[in-house]
Amino acid sequence: MGITDPREAKQRLRTQIRSLKRERTPQDLAVQSQYTAFRLLSHPRVLGSKVIMAYHSLSDEVDTRILLDRLLSMGKTVLLPQVTGASTMVLRHYEGPESLKEGAFGIMEPVGELFSDYSSINLAIVPGMAFDLNGHRLGRGKGYYDRLLPQLTNAYKIGICFDFQMRESVPYDERDVVMDEVIEGSHPFPLRRRG
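Source: prediction; values computed, not measured.

**Q** Tell me about the layout of surface pockets, and please be specific about residues and values.
**A** Size it by volume and the largest pocket reaches roughly 740 Å³. Every residue lining the largest pocket is counted, 32 residues in all, and those nearest its centre are Arg140, Gly141, Lys142, Gly143 and Tyr144. For the lining of the largest pocket, the secondary-structure elements that each account for two or more residues are helix H1 (6-23), strand E2 (77-83), strand E5 (108-110), strand E9 (137-138) and helix H5 (144-148). Residue contributions to the lining of the largest pocket peak at four residues, all from H5. Each residue belonging to the lining of the largest pocket can be placed in one class, and the counts come to 14 nonpolar, five polar and 13 charged. By volume, the second largest pocket is sized at about 190 Å³. Looking at the second largest pocket, it is lined by 14 residues, and the ones nearest its centre are Leu29, Leu58, Ser59, Glu61 and Asp63. Sorting elements by how many residues they give to the lining of the second largest pocket places helix H2 (residues 26-41) first, with four residues.

Structure follows, in structure tokens:
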């Protein structure tokens with residue numbers, strides 16, 4: 001039996017997840033998004049963090065719009081990524097829905113002040129195509145987060161996803177950044193302890 005190419009395995013899983021997303025109703029995804037936002041807003045790591053990196057969701061991701069505005073109202077410094085090149089992202093301050101404009105890949109991106117003190121970020125809320133029981137994350141294949149997250153040396157990393165995106169295992173390689181915790185749309189998922 002031959003060794004499976006991890007790139008092929010990743011692409012197969014992305015295709016499978018996209019298919020599962022199409023089977024879900026918008027109402028189901030909205031309920032899961034609300035539950036995830038509720039879990040995050042009461043999470044001790046969120047409550048204890050002053051500087052939080054999050055993301056503005058695409059239509060097929062856990063909806064973060066309410067979450068972002070609630071974090072602002074709690075007095076948190078909220079940072080969102082902005083794509084600046086074929087392989088790079090920077091972080092900018094989120095100051096509310098009016099501080100967004102459409103950027104790369106149709107993603108709403110911040111136009112606020114550039115942020116560079118990555119060591120002060122306490123928490124990173126991270127999207128993904130799939131996550132597994134060990135905190136491995138499958139992204140969309142561009143590698144943006146895998147290049148950005150290692151720079152957040154003091155950030156606790158929480159992956160968020162819909163229930164069908166949580167897997168027993170996902171294909172990964174040494175460049176893929178592991179999450180500290182994953183919260184999916186029906187309940188917080190306990191990760192296996194890593195040695």
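**Q** Any details on the sheet that holds strand E8 (residues 130-132)? Residues and values, ideally.
**A** Spatially, the three strands line up as an open sheet ordered E9-E8-E11, and their pairing is mixed. Lying at the two open borders of the sheet, with one neighbouring strand each, are E9 and strand E11 (166-167). For E8 and E11, the ladder comprises two bridges, and the chain directions are parallel. Considered in E11, the bridge of Asp132 is made with Arg167.

**Q** Give me the packing of H2 against helix H4 (residues 65-73): which residues, what numbers.
**A** The geometry of H2 relative to H4 is characterised by a closest axis approach of 9 Å and an angle of 20° between their N-to-C directions. With respect to each other, H2 and H4 are oriented roughly parallel. Classified by chirality, the crossing of H4 by H2 is right-handed. Counted together, Ala37, Leu40 and Leu41 of H2 and Leu67, Arg70 and Leu71 of H4 form the full contact between these two elements.

**Q** Give a detailed account of the environment of Met53, specifying residues and quantitative values.
**A** For Met53, the position within the fold is in strand E1 (residues 51-53). Judged by its relative accessible area of 0%, Met53 falls in the buried class. A C-alpha to C-alpha distance of 9.9 Å links Met53 and Leu68, two positions 15 residues apart in sequence. Aside from chain neighbours lying at most four places away, what touches Met53 is Leu79, Leu91, Ile121, Leu123, Ala124, Ile125, Val126, Tyr145, Leu148, Leu149 and Leu152.

**Q** Just give me the short version of the pattern of salt bridges, but keep the residues and values in it.
**A** A full pass over the atoms with the stated rule returns eleven salt bridges. Taking the shortest distance from any N to any O, the salt bridge between Asp60 and Lys21 comes out at 3.4 Å. Taken together, the positions of Asp60 in the loop between E1 and H4 and Lys21 in helix H1 put the pair 39 residues apart, joining distant regions of the chain. Overall, Asp60 belongs to the partly exposed group, its relative accessible area being 23%. The exposure class of Lys21 is buried, given its relative accessible area of 9%. Among the salt bridges present, the one from Asp173 reaches Arg175, with a minimum N-O distance of 3.1 Å. On the accessibility criterion, Arg175 (58% relative accessible area) is exposed. One salt-bridge network, held together by shared partners, links Lys10, Asp173, Arg175 and Asp176.

Conventions used here
Residues numbered from 1 in each chain as written. Predicted model: local features only at pLDDT ≥ 70, side-chain atom pairs only at ≥ 80, totals over all residues. Heavy atoms only, no water. 1 Å grid on protein atoms, 1.4 Å probe; cavity = no way out; pocket = protein on both sides within 12 Å on 5 of 7 lines; lining within 4 Å. Points joined across faces, edges and corners; volume = space filled by probe spheres on them. Helix = DSSP H or I, 4+ residues; strand = E, 2+ residues; numbered from the N terminus. Nonpolar A, V, L, I, M, F, W, Y, C, P; charged D, E, K, R; others polar. Pairing = 2+ DSSP bridges. Axes fitted to C-alpha atoms, helices over the stretch in contact; angles between N-to-C directions. Parallel < 35°, antiparallel > 145°, perpendicular 65-115°, else oblique. Left-handed = near helix turned anticlockwise from the far one by under 90°. Contact = heavy atoms within 4.5 Å. Buried < 20%, exposed > 50% of the residue type's maximum accessible area, 1.4 Å probe, protein only. Salt bridge = Lys/Arg side-chain N within 4 Å of Asp/Glu carboxyl O.

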